[in-house]
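# Structural description and commentary
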Amino acid sequence: MTVAAMLAAKGGSVITASPGELVSKIVERLAENKIGAIVVTDDKDAVCGIVSERDIVRDIARSGSSILGQPVSKCMTANVISCAEEDTIDQVMAHMTKGRFRHLPVQKDGRLIGIISIGDVVKRKIEQAERDAEDLRNYIAAG
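Overview of the structure. In this text the structure is predicted, and so the values were computed from the model without any measurement.

## Some thoughts on the pattern of salt bridges
Here the structure, examined in full by the defined rule, presents 11 salt bridges. Between Asp45 and Arg111 there is a salt bridge, with its nearest N and O atoms 3.4 Å apart. Of this pair, Asp45 sits in the loop between β2 (37–41) and β3 (47–52) while Arg111 is found in strand β5 (residues 111–117), placing the two residues 66 residues apart along the sequence. The exposure class assigned to Asp45 is partly exposed, which follows from its relative accessible area of 33%. Residue classification places Arg111 among the partly exposed residues on the basis of a relative accessible area of 42%. Residue Arg62 is joined to Asp59 by a salt bridge in which the shortest nitrogen-to-oxygen separation is 3.0 Å. Here Asp59 and Arg62 lie together in helix α3 (residues 53–63), a separation of three residues that amounts to about one turn. Using a relative accessible area of 57% as the deciding quantity, one classes Arg62 as exposed. Residue Asp59 is classed as buried on the basis of its relative accessible area of 6%. Residues joined in a network through salt bridges with shared partners are Asp55, Arg58, Asp59 and Arg62.

Conventions adopted
- Residues numbered from 1 in each chain as written.
- Predicted model: local features only at pLDDT ≥ 70, side-chain atom pairs only at ≥ 80, totals over all residues.
- Heavy atoms only, no water.
- Salt bridge = Lys/Arg side-chain N within 4 Å of Asp/Glu carboxyl O.
- Helix = DSSP H or I, 4+ residues; strand = E, 2+ residues; numbered from the N terminus.
- Buried < 20%, exposed > 50% of the residue type's maximum accessible area, 1.4 Å probe, protein only.

Set out below in structure tokens:
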């Protein structure tokens, strides 16, 4: 399965923020939308960074609650690993495992077109395992 197929099933909607948005607002949006990360983009939908719950907790531990009044550009991860529509679920899983992150923005021609989470990957892998098991049962039954 490719990233394009996953996006077709889940949609390409992504919650984004601008680099100047306050971390306190990001925290509110994470909670309101029940998500773990927000992609930071410029006015042309180019990815500038990504900020996760983990990034915010790390910065609160380091600098205290004053980080909440700072722009998200102060605590986001700027060197963002992303994926493309043609990447496979196994490639995405390998990136997430190697980088120890749970969200991958999807880009096309330098623009954000979606996001894949570890939950999306796990859901698809379970569906694939169930299909494989059903195919094997059918093969054995026909044998």
